[in-house]
Amino acid sequence: MQMQRILVALFLFLAIPLALADKPSSDENKSESHEEGHSASTHSEDNEHAEHAEGLSANAPVIFKLGPLQITNSMFVTMIVALGIIIVAQLATRKVQLIPAGLQNFVEYLVEGLYGFFESIVGPQMVKQTFWFFGTIFIFILFSNWFGLIPGMGTMGWGMDEHGHFAQPLMRGVNADLNMTLAMAALFMVLWLFWSIKAIGAGGFLGHIFNVKGHGSGFFGIFLVIVFIFVGLIEVVSIGVRPVALTFRLYGNVFAGENILETVMKLGGPYFGWLAVLPFYLLEILVGLVQALVFALLTSVFTALMCEQHDDDHSEEHAH
Amino acid sequence: MFAVITGSLHVGLAALGSAVGVGLVGMKAAEATGRNPGAAGEIRTQAIIFAALAEGIVFIAIFLAK
C-alpha cells in the first residue's frame with residue numbers, strides 16, 4: 001500500500017517537468033520547420049560543430065603556469081586528492097593508541113584489510129617490501145575516481161562557448177588524463193623490474209622468461225629449448241604490452257565514464273537529465289572501485305608471477 | 001577524432017569479443033561460487049583479473065589501432 005503511494009507520488013513528481021517541457025519542444029519543432037529551407041551544408045556544419053563541442057577533450061587543458069611548469073586541471077585535482085589523503089592519514093596517526101578509536105580505527109581497518117588482501121596475492125615475504133606501492137595506488141586511484149564524480153567537477157571554469165561548455169574547466173577527473181595513468185604504469189614497471197631482480201636475481205629473471213633449463217638431453221631436449229626460447233620472446237612481448245594495457249584500461253574507463261555521464265545527461269533533456277544520469281552515476285561509483293581494484297590487483301599479480309619462485313624457495317628452506 | 005574511431009569496424013569487433021569474454025568470465029565465476037561458496041573471495045579476485053584482461057583488448061583497439 002505504501003509502495004503504491006510512493007510510486008504515485010513519484011509519478012506525479014516526474015509529470016510536472018513533463019508538462020513544462022511540452023512548450024519549448026513545440027517551439028523547437030516550429031523553428032526547425034522554418035529552417036528546412038536552408039542548404040544541407042549549413043546542417044552538416046552544425047553537426048560538426050556539435051560533435052566538437054560534445055564530451056570531454058582528450059587532453060587536459062593548462063590552467064596556469066609556474067615558470068616552465070604547466071599546471072593542468074587534472075594536476076590540480078591530483079594535488080587536491082593527494083592533500084586530502086595526506087591530511088586524513090596525518091589526523092588518523094596524530095595520537096596513535098594501542099586500542100584505536102574513531103578515525104584511527106577506521107583507517108587501520110582499511111589499511112589492514114588491504115594488507116591482508118595483497119598478502120594473499122604476493123605472499124608474506126613480498127608484501128612487506130611492496131605494500132607501500134600497492135596500497136597507495138589503490139587508495140589514490142579509488143579516491144581520485146570518486147572525487148571526479150562529485151557534481152561540479154567539470155562544470156566550473158571560465159571561457160564559456162555558445163553550447164554552454166567551458167573552454168577551460170577548473171577541474172577534471174585525475175585518471176581522465178593519460179599522463180597520470182601512464183606515469184603510474186611506468187613507475188610500476190620500473191619497480192617491478194627492481195623487485196623481480198632483487199627477489200630472484202638477474203639470472204633467475206632471465207631464466208624465468210626463457211625457461212631453457214631442465215628439458216633433458218638428446219634431440220627432444222634441444223627441440224624443447226628452441227621452443228622455449230620462442231615462448232620467452234612471446235613472454236617479452238606480453239610484458240611489454242602490460243604497461244600499455246594498464247594505462248589505457250584505467251584512462252579508457254574513466255574517460256568513457258565522463259563522456260557517458262555527459263551524453264546521458266543530454267539524452268534526458270533539460271528537465272530529466274538528472275534522473276537519466278542517476279543509474280549511470282551509481283555505475284560510475286562501481287567502476288571507480290573496480291578499476292582501482294583492477295589496477296592494484298593486476299600490478300600485484302604481475303609482481304607475484306615473477307617473484308613467487310623466490311617465496312617457494314624460502315618456504316622450502318624453512319622446511320629443511 | 002572520436003567519431004571517426006567509434007565509426008571504425010575494428011573497435012566494434014574488439015568490443016564484441018571482449019564483451020563475450022567478460023560475460024564468459026562472469027558466468028563461470030558465478031557457477032564456481034555456486035558450486036563452492038567457501039572460495040568466493042579467491043574466485044572474485046581471479047574473475048576480476050581475467051575480466052580486466054579481456055576488457056583491456058577493447059581499449060587497445062580504441063587507442064592504438066587507428
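Above this text sits the structure in question.
Since this is a predicted model, take the numbers as computed values, not measurements. (Residues numbered from 1 in each chain as written. Chains lettered and ligands numbered in written order. Predicted model: local features only at pLDDT ≥ 70, side-chain atom pairs only at ≥ 80, totals over all residues. Heavy atoms only, no water.)

## Comments concerning the interface of chain A and chain B
Now for step 1: The interface of chain A with chain B comprises 18 residues on the first partner and 13 residues on the second.
Now for step 2: Across the chain A/chain B interface, buried area totals approximately 1,300 Å², and carbon plus sulfur atoms make up 84% of it.
Now for step 3: The largest share of the area that chain A buries against chain B comes from Phe-248, Arg-249 and Leu-297 of chain A, three residues that together contribute 35% of it.
Now for step 4: Inspection of the region where chain A meets chain B yields zero salt bridges.
Now for step 5: Remark: the boundary between chain A and chain B carries one residue pair in polar contact (both at pLDDT 80 or more).
Now for step 6: Counting only elements with at least two residues in the side of chain A that touches chain B, the list comes to helix H4 (102-147), helix H6 (218-267) and helix H7 (269-319) of chain A.
Now for step 7: Ranked by residue count, the leading element in the side of chain A that touches chain B is H6 of chain A, at nine residues. (Contact = heavy atoms within 4.5 Å. Buried area = accessible area lost by both parts, 1.4 Å probe. Salt bridge = Lys/Arg side-chain N within 4 Å of Asp/Glu carboxyl O. Polar contact = N/O pair within 3.5 Å; in protein donor to acceptor, adjacent residues only side chain to side chain. Helix = DSSP H or I, 4+ residues; strand = E, 2+ residues; numbered from the N terminus.)

## A word on a nonpolar patch on the surface
Residues and elements named next belong to chain A.
Now for step 1: Judged by side-chain polarity, Leu-83, Ile-87, Val-88, Leu-91, Leu-103, Phe-106, Tyr-109, Leu-110 and Val-111 come together as a nonpolar surface patch covering roughly 820 Å² of accessible area.
Now for step 2: In terms of residue count, the dominant contributor to the nonpolar patch is H4 (five residues).
Now for step 3: Along the chain, Val-88 falls in helix H3 (residues 73-92). (Patch = residues over 30% accessible without salt bridge, like charges linked within 9 Å, V, L, I, M, F, W, Y side chains within 5 Å. Areas by Shrake-Rupley, 256 points an atom, 1.4 Å probe, with all protein chains shown as cover.)

## Here we look at H4 of chain A
Now for step 1: The terminal C-alpha atoms of H4 of chain A lie 23 Å apart, and with 46 residues this falls more than 12% below the ideal 68 Å at 1.5 Å per residue.
Now for step 2: Roughly 120° is the biggest bend found in H4 of chain A, and it falls at Gly-123 of chain A, with proline Pro-124 of chain A one to four residues downstream. (Expected span 1.5 Å × (residues − 1). Bend = angle between axes of the 7 residues up to and from the residue.)

## Here we look at the side chain of Gln-104 of chain A
Now for step 1: With respect to the helices and strands, the residue Gln-104 of chain A is situated in helix H4.
Now for step 2: Beyond its immediate stretch of four places on either side in the chain, Gln-104 of chain A contacts Ala-92, Lys-95, Val-96 and Gln-97 of chain A.

## Describing the packing of H4 of chain A against helix H5 (residues 178-209) of chain A
Think of two packed helices as two axes; the pair is described by the angle between the axes and how far apart they sit.
Residue and element names in this part refer to chain A.
Now for step 1: One way to put it is that H4 packs onto H5 with a least axis distance of 12 Å and a crossing angle of 170°. In this view, H4 runs roughly antiparallel relative to H5, as classed from their interaxial angle. Facing H4, whose interface residues are Met-126, Gln-129, Thr-130, Trp-132, Phe-133, Phe-134, Ile-137, Phe-140 and Ile-141, H5 presents Met-180, Met-184, Leu-187, Phe-188, Leu-191, Trp-195, Lys-198 and Ala-199.
Now for step 2: Here the residues of the contact of H4 with H5 sort into 14 nonpolar, two polar and one charged. (Axes fitted to C-alpha atoms, helices over the stretch in contact; angles between N-to-C directions. Parallel < 35°, antiparallel > 145°, perpendicular 65-115°, else oblique. Nonpolar A, V, L, I, M, F, W, Y, C, P; charged D, E, K, R; others polar.)

## Considering the packing of aromatic side chains
Residues and elements named next belong to chain A.
Now for step 1: Applying the stated criterion to the full structure yields 15 aromatic pairs over all chains.
Now for step 2: Relative to Trp-195, the ring of Trp-132 has its centre 6.3 Å away and its plane inclined at 75°; by these criteria the two rings are edge-to-face. A residue pair is termed long-range when its members are at least 10 positions apart, and Trp-132 in helix H4 and Trp-195 in helix H5 qualify at 63 residues.
Now for step 3: Residue Trp-132 is classed as partly exposed on the basis of its relative accessible area, which comes to 48%.
Now for step 4: Consider the rings of Trp-192 and Phe-205, whose centres lie 5.7 Å apart with planes at 65°: the pair is edge-to-face. Accessibility classification places Trp-192 together with Phe-205 in one group, the buried group.
Now for step 5: Grouped by ring-pair contacts, the aromatic residues Tyr-115, Phe-117, Phe-118, Phe-131, Trp-132, Phe-133, Phe-134, Phe-188, Trp-195 and Phe-302 constitute a single cluster.
Now for step 6: The ring of Phe-302 is capped by Arg-242, whose NZ or CZ atom sits 4.1 Å from the centre of that ring. (Phe/Tyr/Trp six-rings, centres within 6.5 Å; stacked < 30°, edge-to-face > 60°. Buried < 20%, exposed > 50% of the residue type's maximum accessible area, 1.4 Å probe, protein only. Lys NZ or Arg CZ within 6 Å of the ring centre and 35° of its normal.)

## Quick look at the nonpolar core
Now for step 1: Of all hydrophobic cores here, the largest spans 49 residues; its most connected members are Phe-188 and Trp-192 of chain A.
Now for step 2: Secondary-structure elements contributing two or more residues to this core are H3, H4, H5, H6 and H7 of chain A together with helix H3 (40-64) of chain B.
Now for step 3: At 14 residues, the largest contribution of residues to this core is made by H4 of chain A.
Now for step 4: Contact partners of Phe-188 of chain A, with chain neighbours within four places excluded, come to Phe-133, Phe-134, Leu-246, Thr-299, Phe-302 and Thr-303 of chain A.
Now for step 5: Grouped together as the second largest cluster of nonpolar side chains are nine residues, Phe-255 of chain A together with Ala-14, Phe-59 and Ala-61 of chain B included. (Core = buried A, V, L, I, M, F, W, Y, C linked by side-chain atoms within 4.5 Å.)

## Points about empty space enclosed by the protein
Residues and elements named next belong to chain A.
Now for step 1: Enumeration over the complete set of coordinates arrives at one cavity of 30 Å³ or more.
Now for step 2: Considered as a void within the structure, the largest cavity measures approximately 120 Å³ in volume.
Now for step 3: Looking at the largest cavity, it is lined by 15 residues, and the ones nearest its centre are Asn-145, Leu-149, Val-254, Glu-258 and Glu-284.
Now for step 4: If you list the elements that add at least two residues to the lining of the largest cavity, you get H4, H6 and H7.
Now for step 5: Among the residues making up the lining of the largest cavity, the classes are represented as five nonpolar, eight polar and two charged. (1 Å grid on protein atoms, 1.4 Å probe; cavity = no way out; pocket = protein on both sides within 12 Å on 5 of 7 lines; lining within 4 Å. Points joined across faces, edges and corners; volume = space filled by probe spheres on them.)

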